[in-house]
Number of protein chains: 2
Amino acid sequence: MAAALAIAERGVGQTGNNPSVGCVIVQDDIIVGRGWTQYGGRPHAEAMALAQAGSKAAGATIYVTLEPCAHPSERGPACAHLVYDARPARVVGAVTDPDPRTAGQGFARLREAGIEVETGVMASEARVQLAGFFSRLERSRPFVTLKMATSLDGQIAMANGQSRWITGDFARAHAHVERARCDAILVGAGTVRIDAPRLDVRLAGLEHRSPRKIMLGSGDAPQGWDVLRSLEELGSLACNTLLVEGGAMTASAFLRAGLVDRLLLYRAPILIGAGTACLGDIGLDNLDVAHGRWQISLSRRLGKDSIEVYDALI
Amino acid sequence: MAAALAIAERGVGQTGNNPSVGCVIVQDDIIVGRGWTQYGGRPHAEAMALAQAGSKAAGATIYVTLEPCAHPSERGPACAHLVYDARPARVVGAVTDPDPRTAGQGFARLREAGIEVETGVMASEARVQLAGFFSRLERSRPFVTLKMATSLDGQIAMANGQSRWITGDFARAHAHVERARCDAILVGAGTVRIDAPRLDVRLAGLEHRSPRKIMLGSGDAPQGWDVLRSLEELGSLACNTLLVEGGAMTASAFLRAGLVDRLLLYRAPILIGAGTACLGDIGLDNLDVAHGRWQISLSRRLGKDSIEVYDALI
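These numbers were taken from a predicted model, which means no experiment stands behind them.

K.L.:
Sorry if this is basic, but what is going on with the pairing of strand β12 (residues 262-267) of chain B here?
P.N.:
Both faces of the sheet carry side chains from a regular strand, because those side chains alternate between them. Residue and element names in this part refer to chain B. Within β12, six of the six residues are buried, which leaves the element mostly enclosed by the surrounding structure. Judged by which residues are buried, β12 turns out to be covered on both faces: R262, L264 and Y266 on one side and L263, L265 and R267 on the other are all buried. Summarising the sheet, strand β6 (residues 143-150) and β12 pair through six bridges and their orientation is parallel. Paired with L146 across the two strands is L263, which belongs to β12. Pairing geometry for β12 and strand β15 (residues 305-312), over six bridges, is antiparallel. Residue pairing in the sheet places L265 in a bridge with E308 of β15.

Given below as structure tokens:
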């Protein structure tokens, strides 16, 4: 399952509305097939792995990070059927598909067909990797990551607006990898107007992974951008993972609405003083309730800078 | 020398104007005497170690973190004379005394007396430990540590002033150890008026290590406090190490004047938003010059909070 999760990483941010799934087929301790959700969402991981395994899938064990889909689609056959046809001895799954059209039926059909089915293996890891897909299905909105790049004193720019550069090359490269792993990036209309950010992935070999660009607010968006008029319409984006890159008003609006699931905090070892704060009003009335909301999950140095990742607890 | 430096830690913040020095005397691979500068500055480390070693100091090696003083004092004999009288075979020193009344004469006199003298051993470590003493002697001002306790977004309080509590018990305990290691603590007159901070060391067994309290600015200081009218008079404090604990105006004034040597940054995993920023105007005109001024020397977790220490590079 760990190998299946690792393979699934390849598709993260590249599968549109579909979850990025990984599948590994093992026959007599030898991997005979590997698959991951392909660009745009098809073929599915199971279809790819089964095509690779061919007749060796018969009697094999199939590891898959998400329950095989059981519902028909005009884009391809349901994976539960493909798996059934391949006659494996055993299917090991991490998590059940939250899509109501499958929702346990994929596993159930395989069990009914006499295939041994085990589920819940590395479920928490799979849920983290599939957080965006679960968020869209269960909460009707994308999983939201808020990125901030600040000085030690929490400023994102000088008072005169100068903000290039606060963090250095390593931090920027890291942030571009985060971009490549998201389905869409959002910035506020003010940031579009003032900074005209490109928001693309500028890492050699990953340029094609630049995500969809979204402007929050009113006004003319640059060509090729989508526009989100208000946060109430967040669900209409129909994307799994969203990276919010600023500015302070947009970041504060997401926090105020309780819409941030993950915080990426890049910090440079500089002090700015009276500049532009990373946040404005986030709707906090009492210091007591600020506690217990964020838990650190990563802390490391990136050259002279550092990154910390915090996950929302509530 | 590492043992001598470790022993010297006991006196840090407790020796008044005197440096906290450590001394270890070794005869035939056995430690026969240990000493460190005592409360208030006397006896000196060498005097204590030599008294302990007695006749065993003859022919021994004496390790001392700072050159033995060569100038007479009404508070006790010069250590260079005491060492000479003990007839060691060898003296190993870390750094030369910056006090112009000694400034190399301590080592020179011992060499003239036929004692083998080696210097510069673990000099950089000793210089860090004695940074306050060197600062007062070489720059005529204390070594200044600025402490800030902030949210992830750099706020030290809510907009309404509420600031209890941002950081938790572990961070506060750590900050109290830092207090115990300083000669004096300074806060601005505004902080005195609004918060009436006690600024003492509230750690079991270390209460007697509470440092001298200083208010920056005008107005009535609490009983027992000293007053510093302006930063121009910083040298008049005649102390080696100063801990600046706020508020934002005072912190900014020290930074604007280039008077901060070390930054203690405690951070809680909370977001505050539009509150009270940890800093105001620090006199930064251009983002480019903000870089290269601070180097991280410590980063660790303190319960849910974290601490980072930055040393000034320029």
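Next comes the rest of the write-up.
K.L.:
Please explain unusual backbone geometry as it appears in this structure.
P.N.:
Most peptide bonds are trans, and most residues other than glycine sit at a negative phi. With an omega of 0°, the peptide bond between G246 of chain A and G247 of chain A qualifies as cis. One can find G247 of chain A in the loop between β11 (241-244) and α9 (248-256). Here the amide bond leading from R42 of chain B into P43 of chain B is cis, since omega sits at -10°, within 30 degrees of zero. Within the secondary structure, P43 of chain B is located in the loop between β2 (30-36) and α2 (45-53). A positive phi is found at A238 of chain B, a non-glycine position, where the angle reads about 50°. By secondary structure assignment, the location of A238 of chain B is in the loop between β10 (226-228) and β11 (241-244). What makes A238 of chain B partly exposed here is its relative accessible area of 37%.

Analysis parameters
- Residues numbered from 1 in each chain as written.
- Chains lettered and ligands numbered in written order.
- Predicted model: local features only at pLDDT ≥ 70, side-chain atom pairs only at ≥ 80, totals over all residues.
- Heavy atoms only, no water.
- Buried < 20%, exposed > 50% of the residue type's maximum accessible area, 1.4 Å probe, protein only.
- Helix = DSSP H or I, 4+ residues; strand = E, 2+ residues; numbered from the N terminus.
- Pairing = 2+ DSSP bridges.

All quantities given are derived from atomic positions and should not be read as evidence of function.
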